[in-house]
Amino acid sequence: MKQHSAILILMSVLAGCGGGGGGDSQQPPRNNDSNPPPPTTPVGSVLGAAVSAVIGSDGGELQSADGSVTLLVPAGAFSADTTVSIQPISNEALSGIGTAFRIQPEGLHSNLPMTLRFKPGADDLRGSALRFVTIGFQDSAGHWRVYEQPQRDSASNTLSVQTTHFSDWSMLAGVQLRPGKTTVKTGASKTLTIEICDTDDYPVDDPDYGQLPVQLNCHVAPINALSAQHWSVNGAEGGSTAT
């Protein structure tokens, strides 16, 4: 007998748990001298050419080549003409989503906050949802600093944060269903897991980092702590008699 298979795609699936960076989920004890330092990751490798523009005191904007990230510089943020660049790099963040980006010049501090806006694609959100995704940057020690409350716009499907400095940036998922897409043979089964990525305070004497927490290792959540809201089989939400 011919064996059939179905493509199971899980999207916007997670309920009953906190948002990006741990959100409302159970948080670990905050950092103190008895706790180990937070994890670090390697610096991302260059994946493609940088896109650059000269932005002056009147402000301006710059968008990555793939259109997934936009830097908005308000008037007065720069005192003089400045060449700004956005370059795709490998995503080394523990819960990184999509491509990471290196925004330069490194070490520049703007007079006013700039806005960094990410637009995730459908594949980026597979197994997660916009309300579980946030933005973070890698600090000089290799930790990932997390914006736990970015501005999320469901109408435009974007996330935005404000910053006065440049670094390596990425979207980060606080909660992920893994795998987000899989093939299941008829009569067979697949194991699904929920990963939660927590954050913790790790203050340092650097104005760039402010009070932003660092990302900790991701861990598998108890399955009874979450529920699935939307799922599909071969494109049919909830499955169908044919599949």
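For the structure, check the block above.
Parameters and conventions
- Residues numbered from 1 in each chain as written.
- Predicted model: local features only at pLDDT ≥ 70, side-chain atom pairs only at ≥ 80, totals over all residues.
- Heavy atoms only, no water.
- Pairing = 2+ DSSP bridges.
- Helix = DSSP H or I, 4+ residues; strand = E, 2+ residues; numbered from the N terminus.
- Axes fitted to C-alpha atoms, helices over the stretch in contact; angles between N-to-C directions.
- Salt bridge = Lys/Arg side-chain N within 4 Å of Asp/Glu carboxyl O.
- Buried < 20%, exposed > 50% of the residue type's maximum accessible area, 1.4 Å probe, protein only.
- Core = buried A, V, L, I, M, F, W, Y, C linked by side-chain atoms within 4.5 Å.
- Contact = heavy atoms within 4.5 Å.
- Polar contact = N/O pair within 3.5 Å; in protein donor to acceptor, adjacent residues only side chain to side chain.
- Phe/Tyr/Trp six-rings, centres within 6.5 Å; stacked < 30°, edge-to-face > 60°.

(A) Summary view of the sheet that holds strand S5 (residues 69–73). With antiparallel pairing, five strands are arranged side by side in an open sheet as S4-S5-S8-S12-S11. Only two strands of the sheet have a single neighbouring strand rather than two, namely strand S4 (60–63) and strand S11 (151–153). Going from strand to strand, the sheet's axes swing by 25° on average, the running direction of each strand aside. Pairing of S4 with S5, which is carried by four bridges, proceeds in the antiparallel orientation. Following the sheet pairing, Leu-62 is matched in S5 by Leu-71.

(B) Fine view of the pattern of salt bridges. Here the structure, examined in full by the defined rule, presents three salt bridges. For Asp-123, the salt bridge is made with Arg-126, and the minimal N-O distance between the two is 3.4 Å. Taking the relative accessible area as the measure of exposure, Asp-123 reaches 59% and is therefore exposed. For Arg-126, a relative accessible area of 25% puts it in the partly exposed group. For the salt bridge of Asp-139 with Arg-145, the shortest nitrogen-to-oxygen distance reads 3.1 Å.

(C) Fine view of the nonpolar core. Counting 28 residues, the largest nonpolar core has Leu-71, Phe-78, Val-84, Ile-103, Leu-116, Phe-118 and Trp-169 as the members making the most contacts within it. Not counting residues within four places of it along the chain, the set of residues in contact with Trp-169 comprises Ala-100, Phe-101, Ile-103, Leu-116, Phe-118, Ile-135, Gly-136, Phe-137, Trp-144, Tyr-147, Val-161 and Thr-163. One finds Phe-132, Val-175, Leu-177 and Ala-221 within the second-largest nonpolar core, a separate group that totals seven residues.

(D) Structural view of the environment of Ala-77. Locating Ala-77 in the fold gives a position in the loop between S5 and strand S6 (82–89). In this structure, the C-alpha to C-alpha distance between Ala-77 and Ser-57, residues 20 residues apart in sequence, is 6.5 Å.

(E) Highlighting the pairing of strand S8 (residues 109–118). Here four bridges tie S5 to S8, and the two strands are oriented antiparallel to one another. Note on S8: the bridge partner recorded for Leu-72 is Thr-115. In this structure, S8 lies alongside strand S12 (residues 158–165), joined through six bridges in antiparallel fashion. Pairing of Met-114 across the sheet is with Thr-163, part of S12.

(F) View of the environment of Arg-145. Secondary-structure assignment places Arg-145 in strand S10 (residues 144–147). For the pair Arg-145 and Asp-201, spaced 56 residues apart in the sequence, the C-alpha separation amounts to 9.7 Å. A polar contact of 2.9 Å, which involves the side chain of Arg-145, links it to the backbone oxygen of Leu-212.

(G) Highlighting unusual backbone geometry. Put simply, Gln-104 and Pro-105 share a cis peptide bond, and its omega is 20°. Residue Pro-179 is reached from Arg-178 by a cis peptide bond, and omega for that bond is -5°. A positive phi is found at Asn-157, a non-glycine position, where the angle reads about 55°. You can see Asn-157 is positioned in the loop between S11 and S12.

(H) Fine view of the packing of aromatic side chains. Summed over all chains, the structure comprises four aromatic pairs. On the basis of an interplanar angle of 50° and a centroid distance of 5.0 Å, the ring pair of Phe-137 and Trp-169 is categorised as tilted. Highlighted residues: Phe-137 in strand S9 (residues 133–138) and Trp-169 in strand S13 (residues 168–173), separated in sequence by 32 residues. Residue classification places Trp-169 among the buried positions, given a relative accessible area of 1%. Through a chain of ring-to-ring contacts, the aromatic side chains of Phe-137, Tyr-147 and Trp-169 assemble into a single cluster.

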